Amino acid sequence: MANIKAYAATAPDSGMAPFAIDRRELRADDISIDIDYCGVCHSDLHTVENDWGGSKYPVVPGHEIVGRVTAVGPAATRYKEGDLVGVGCMVDSCRICQACESGLEQYCLGGATMTYGSLDRHDGTVTHGGYSERIVVSERFVVRIPEQLDPASAAPLLCAGITTYSPLRHFNVGKGHKVGVLGMGGLGHMGVKFAKALGAEVTIFTRSEAKVSEARKHGADHVIISTDKAQMKAASDSFDFLLDTIPVAHDLNPYLKCLRYDGTHILVGLLTPVEPALQAGLLVTRRRVVAGSLIGGMPETQEVLDFCAEHEIACDIEMLDIHNINEAYARMKKGDVKYRFVIDMKSLKNS
Ligand code: NDP
Ligand code: ZN
């Protein structure tokens, strides 16, 4: 057992502060990773503030982890000391159910073990994430960072990237499709880049006039200000897919009207009840579908990294020292992030 530096929340209103945690000795298929960078996801904030209920304190968030392998367990074969690797939202699963065997560990029938705030399925301890110096994880839940990628801007691909890539691939989004991306934050700006790379015509729906020019810079063909009723009405019956990254309850009905018949509204941002209620008539009269999607499995997480290397896609990041994390959360709440904070873990190691 090693005692290492981390940052944790100890209660929903505690804010984040330095905290020491233990990392286990390596199990047979484990590797130990010295963390260089960790992205800051809105899910970190939801968990810290217990928005979804059930947060287990202390919470050490962080599931966009990039670092170097420093030790390898006796049965681990995939990585060696010095390799640049990543860990995303999961660190374990049952490994034998149909979902796991299909490489869809996020839908493990026994419940995947998440990188933080889950109970380790072997020793029952609570998992701690990447706002820490080091992580110990089974190599099955580790991916390789292609050398063409900048390690810091690759970190957000492990959650924001895979979460937007996976549903676009699942629904076969491509040339000839009109795709709308709702919310231009960490997930949203990656959704635009992927939908464009897959050949779709892409529109950003944002509340913010200030993001219009940047949406175009990320490759969006069009921008709709979602608070402008006339712009929303003009978009009626025109989209094949909407990828909804909005992190709080919001009225889906005006967006559903923007889908053409057989169009699909894919929820990735919302994990709490839909309010106000869905108008079923909007679904029935156009055979519209409301779907959801959770991160992506391990093979697809490697795929998105390789896809980004091949298509020269990078996340837009703002580097952060870990002692500024509370300020970063406050800015995230205001939608003022361009477009992902990434913690430089030197700021923790040197503290
Ligand atoms: P960000 O905070 O980076 O971005 C969210 C964006 O949504 C904002 O930039 C803003 O865009 C828009 N938004 C924020 N508040 C509101 C509001 N009140 N009404 C309308 N729009 C709003 O968050 P992330 O991209 O990191 O995460 C988005 C959501 O996805 C979170 O809830 C997160 O927990 C969830 N998530 C889900 C995953 C999954 O597997 N399904 C995985 C990872 C995250 P704008 O200013 O352009 O309007
Ligand atoms: Zn995330």
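Just so it is clear, the model here is predicted, and its values are computed rather than measured. (Residues numbered from 1 in each chain as written. Chains lettered and ligands numbered in written order. Predicted model: local features only at pLDDT ≥ 70, side-chain atom pairs only at ≥ 80, totals over all residues. Heavy atoms only, no water.)

(A) Local environment of a nonpolar patch on the surface. Taken together, Leu104, Tyr107 and Leu294 make up a surface patch of nonpolar side chains, about 240 Å² in accessible area. As for its position among the elements, Tyr107 is in the loop between α2 (98-101) and β7 (113-114). (Patch = residues over 30% accessible without salt bridge, like charges linked within 9 Å, V, L, I, M, F, W, Y side chains within 5 Å. Areas by Shrake-Rupley, 256 points an atom, 1.4 Å probe, with all protein chains shown as cover. Salt bridge = Lys/Arg side-chain N within 4 Å of Asp/Glu carboxyl O. Helix = DSSP H or I, 4+ residues; strand = E, 2+ residues; numbered from the N terminus.)

(B) Region of the structure containing the sheet that holds strand β13 (residues 239-244). Within the open sheet, the six strands sit side by side as β12-β11-β10-β13-β14-β15. Their pairing is parallel. In the strand order of this sheet, the two ends are held by β12 (222-225) and β15 (289-292), each with one partner. Strand-to-strand twist across the sheet, computed as the mean angle between neighbouring axes with direction ignored, equals 20°. Where β13 and strand β14 (residues 259-267) come together, five bridges link them in parallel fashion. (Pairing = 2+ DSSP bridges. Axes fitted to C-alpha atoms, helices over the stretch in contact; angles between N-to-C directions.)

(C) Region of interest: the nonpolar core. In this structure, Val40, Tyr131, Phe194 and Ile325 are the most contacted members of the largest nonpolar core, which totals 95 residues. Summarising the domain contributions, this core has at least three residues from each of domain 1 (2-159 + 314-349) and domain 2 (161-292). Sequence-distant contacts of Phe194, defined by excluding residues within four places in its chain, comprise Leu157, Gly161, Thr164, Tyr165, Leu168, Val304, Phe307, Cys308 and Ile313. Of all hydrophobic cores here, the second largest spans 13 residues; its members include Leu242, Ile246, Cys258 and Leu282. (Core = buried A, V, L, I, M, F, W, Y, C linked by side-chain atoms within 4.5 Å. Buried < 20%, exposed > 50% of the residue type's maximum accessible area, 1.4 Å probe, protein only. Domains from an automatic or database assignment. Contact = heavy atoms within 4.5 Å.)

(D) A look at the site of ligand 1. As a matter of local geometry, ligand 1 sits amid 26 residues, with His42, Thr206, Lys211, Ile295 and Arg340 nearest to it. Residue Lys211 places a side-chain N or O atom 2.6 Å away from an oxygen atom belonging to ligand 1. Counting residues per element, the shell around ligand 1 draws most heavily on helix α1 (residues 42-48), at three residues. Class assignment for the residues of the shell around ligand 1 results in twelve nonpolar, eleven polar and three charged. Both of domain 1 (2-159 + 314-349) and domain 2 (161-292) provide at least three residues apiece to the shell around ligand 1. (Near = heavy atom within 4 Å. Polar contact = N/O pair within 3.5 Å; in protein donor to acceptor, adjacent residues only side chain to side chain. Nonpolar A, V, L, I, M, F, W, Y, C, P; charged D, E, K, R; others polar.)

(E) Looking closely at the UniProt feature "domain: Enoyl reductase (ER)" (unreviewed entry) in the chain. The positions UniProt marks with the feature "domain: Enoyl reductase (ER)" (unreviewed entry) are residues 11-343. With 25% helix and 26% strand, residues 11-343 has end C-alpha atoms that lie 22 Å from one another. (UniProt positions renumbered as here; feature names shortened; annotations may be inferred.)

(F) Quick peek at the coordination of the zinc ion (ligand 2). For the zinc ion (ligand 2), the full set of protein donor atoms is Cys41 (SG), His63 (NE2) and Cys159 (SG), at a range of 2.0 to 2.2 Å. All donors to the zinc ion (ligand 2) come from one chain, and their sequence spacing reads C-x21-H-x95-C. Remark: Cys159 occurs in the loop between α3 (151-154) and α4 (160-170) and Cys41 occurs in the loop between β3 (30-40) and α1; sequence separation between them is 118 residues. Here Cys41 matches Cys159 in class, with each residue buried. (Donors = N, O, S within 2.8 Å, 3.2 Å for Na, K, Ca; no water.)

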